[in-house]
Amino acid sequence: MATPLEWNDSAFLREVERRSGTPVSACYQCHKCSTGCPVGPETDFSSSQLMRLIQLGAADEALGSRGIWLCASCEACTTRCPQGIDIAGVMDALRILAVERKVVGPQARAQHFSSTFLGSVRRLGRVYEMGALAGYKLRSGALFEDMDKVPKLLKKHKLALLPKKSGSAAEVRKVFERAEAEGKR
Ligand code: SF4
Ligand code: SF4
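Residues numbered from 1 in each chain as written. Chains lettered and ligands numbered in written order. Predicted model: local features only at pLDDT ≥ 70, side-chain atom pairs only at ≥ 80, totals over all residues.

A. Structural detail: the overall build of the protein. Broken down by element type, the protein carries 11 helices and 0 strands. Counting from the amino terminus, helix and strand elements in the protein follow one another as α-α-α-α-α-α-α-α-α-α-α. Across its three principal directions, the C-alpha atoms of the protein cover 50 × 35 × 35 Å. Relative to its full complement of 185 residues, the protein shows a buried share of 24%. Taking the contacts inside the protein whose residues are at least 6 apart along the sequence as the reference set, 66% of them involve residues at least 24 apart. (Helix = DSSP H or I, 4+ residues; strand = E, 2+ residues; numbered from the N terminus. Buried ≥ 20, exposed ≤ 12 C-beta atoms within 10 Å, placed from the backbone. Contact = placed C-beta atoms within 7 Å.)

Okay, structure coming up:
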């Protein structure tokens, strides 16, 4: 569950706006974003509800939401918003803050998948599926889930046994470093 956070109400709103570069405070709850969201039926808080939680400074609820990890970054919400709010960017900011603050929500497995996937891309410049799969299983505890699919994937050459570094690995690493440096500013 969410850990206590030190922001006061307006500080949380300001921090999310700073990280996402978009005016969450301009949201007037028209719900256009959430009516077009493909993962809406599966979430606890819809995108418009999350905007309201942020405005109210409800950091524990927003960062502990299942919705931020189910978000597919499709940007349908951003396109529909009459206030020009980049809601998909807000979702990114909430995920980053949740990881930084070590908030483990009800969708912890999505967090494990995301960090394992990004760790692989950071190291090799591309994802090493077998390593990411093993890392995800160790972190999530879902050791034997879907293992019956592995032989078929290997047969179809969808899983490489050994990692292969991308020729652009150094550039990709710089992108991660730049993003981290910007996040700290
Ligand atoms: S970006 Fe996320 S929140 Fe927005 S519509 Fe797509 S899935 Fe829903
Ligand atoms: S579409 Fe924009 S203004 Fe409307 S609820 Fe969503 S974020 Fe708020």
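B. Examining unusual backbone geometry more closely. The backbone of lysine 102 sits at a positive phi, close to 55 degrees, despite the residue not being glycine. Relative to the assigned elements, lysine 102 resides in the loop between helix H7 (87-100) and helix H8 (108-124). With a phi angle near 65 degrees, aspartate 146 is a residue other than glycine that sits in the positive phi range. Among the secondary structure elements, aspartate 146 is positioned in the loop between helix H9 (129-140) and helix H10 (150-155).

C. Focus on the site of ligand 1. The immediate surroundings of ligand 1 are formed by 15 residues, with Cys37, Cys71, Cys74, Cys77 and Ala88 found nearest. Elements that contribute at least two residues to the shell around ligand 1 include exactly helix H6 (76-80) and H7. It is H7 that contributes the most residues to the shell around ligand 1, 3 residues altogether. A class-by-class count of the residues in the shell around ligand 1 yields 11 nonpolar, 3 polar and 1 charged. (Near = placed C-beta within 6 Å. Nonpolar A, V, L, I, M, F, W, Y, C, P; charged D, E, K, R; others polar.)

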